[in-house]
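Spelled out from the first residue to the last, the chains are:
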Amino acid sequence: MADFGQRDSSTRFAHSSVLADAACAAQLRQEFSVWLKRYFAVDATKASDVVLAVNEALANAAEFAYTAAAEPGAMHLRADYDCTAACLTVTVTDEGAWRIADSERKRASRGRGIPLMRALADRATIDSTAKGTRVRLEWNHVTAAQNAVN
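The structure presented is a predicted model; accordingly, all values stated were derived computationally and were not measured.

Participant: Honestly, the pairing of strand β2 (residues 74-82) in this entry has me stumped. Any pointers?
Facilitator: In the case of a regular strand, side chains alternate between the two sheet surfaces. Where burial is concerned, most of β2 is hidden: seven out of the nine residues are buried. By the bridge criterion, eight bridges tie β2 to strand β3 (residues 87-94) in an arrangement that is antiparallel. Paired with Met75 across the bridge in β3 is Asp94. Joining the antiparallel neighbours β2 and β3 is a turn of four residues, in which Ala86 adopts a positive phi near 55°.

And the structure:
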């Protein structure tokens, strides 16, 4: 279940220390999608764009973060909403090395996730260090749903 933190549940969605694999990424995507549709007045196209961008970040963490490790590590998903700025920020992090192997780079069908995230979000930043990777996606002009207003 999502950890909504100390704030109102409509302003934050968080899952920490989730196993970085495809099945867990799919589950996180589904739960995030439900939260987004419940608490925000976004049309179907924008909701699909947000969920797709978040899914790409989760998929990259699941597929690439721990390729050098014996087993998958953790990934984290957090979404925060700033009602003053009407900005939704989603951050996906891991503690892996998130490096794409040379053999993966050679595949013509690969490598579209990062450009897709950048195209779908108003701002997308990716910071990769020896301690892990952080993908931060931001969308402006996001309105909270009427039933989510305190």
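Having seen it, we continue.
Participant: What is the right way to read the nonpolar core from this model?
Facilitator: One recurring pattern in soluble globular proteins is that nonpolar side chains are buried together. Residues Phe32, Trp35, Leu36, Val54, Leu77, Leu88 and Trp139 are the most contacted members of the largest nonpolar core, which totals 35 residues. Elements with a minimum of two residues in this core: β1 (12-19), α1 (22-39), α2 (44-64), β2, β3, α4 (113-120) and β5 (132-139). The greatest single-element share of this core, amounting to eight residues, is contributed by α2. Residues within four places of Phe32 in sequence aside, it is in contact with Phe13, Val50, Val51, Val54, Leu77, Ala79 and Val90.

Participant: So what exactly am I meant to see when it comes to the packing of aromatic side chains here?
Facilitator: Aromatic ring pairs are described here by two measures, namely the spacing of the ring centres and the angle between the planes. By the definition in use, this model includes six aromatic pairs. Taking the centre distance of 5.6 Å and the plane angle of 40° together, the rings of Phe32 and Trp35 count as tilted. Here the residue Phe32 and the residue Trp35 both occupy positions in helix α1, the gap between them amounting to three residues, near one helical turn. Assigned by exposure class, Phe32 and Trp35 land together as buried. For the ring pair Phe40 and Tyr81, a centre distance of 4.9 Å and an interplane angle of 65° mean the geometry is edge-to-face. Note that Phe40 is positioned in the loop between α1 and α2 and Tyr81 in strand β2, a separation of 41 residues in sequence.

Participant: How should I be thinking about the environment of Gln146 in this particular structure?
Facilitator: Inspection of the secondary structure assignment puts Gln146 in the segment after β5. Each C-alpha atom of the pair Gln146 and Phe40 lies 8.2 Å from the other, and the pair is 106 residues apart in sequence.

Participant: I would appreciate a short explanation of the pattern of salt bridges in the present structure.
Facilitator: A side chain with one charge can pair with a side chain of the opposite charge if their charged atoms come near. As enumerated under the stated definition, the model contains five salt bridges in all. The residue Arg123 makes a salt bridge to Glu138 at a minimum N-O spacing of 2.9 Å. Remark: Glu138 occurs in strand β5 and Arg123 occurs in strand β4 (residues 123-129); sequence separation between them is 15 residues. A salt bridge links Asp127 to Arg134; its shortest N-O distance comes to 2.6 Å.

Participant: Can you help me understand the sheet that holds β3 in this one?
Facilitator: Think of a sheet as strands paired side by side through backbone hydrogen bonds, with each pair either parallel or antiparallel. With antiparallel pairing, the five strands of this open sheet are ordered in space as β1-β2-β3-β5-β4. One side of each edge strand has no neighbouring strand; the edge strands of this open sheet are β1 and β4. This sheet shows a mean twist of 10° between the axes of neighbouring strands, independent of strand direction. For β4 and β5, the ladder comprises seven bridges, and the chain directions are antiparallel. The partner of Ala124 across the bridge, within β5, is Leu137. Sitting on the sheet, α2 is in contact with β2, β3 and β5, with an inclination near 175° to β5. Along the sheet face, α4 touches β4 and β5 and points at about 140° away from the line of β4.

So, how was this worked out
- Residues numbered from 1 in each chain as written.
- Predicted model: local features only at pLDDT ≥ 70, side-chain atom pairs only at ≥ 80, totals over all residues.
- Heavy atoms only, no water.
- Buried < 20%, exposed > 50% of the residue type's maximum accessible area, 1.4 Å probe, protein only.
- Helix = DSSP H or I, 4+ residues; strand = E, 2+ residues; numbered from the N terminus.
- Pairing = 2+ DSSP bridges.
- Core = buried A, V, L, I, M, F, W, Y, C linked by side-chain atoms within 4.5 Å.
- Contact = heavy atoms within 4.5 Å.
- Phe/Tyr/Trp six-rings, centres within 6.5 Å; stacked < 30°, edge-to-face > 60°.
- Salt bridge = Lys/Arg side-chain N within 4 Å of Asp/Glu carboxyl O.
- Axes fitted to C-alpha atoms, helices over the stretch in contact; angles between N-to-C directions.

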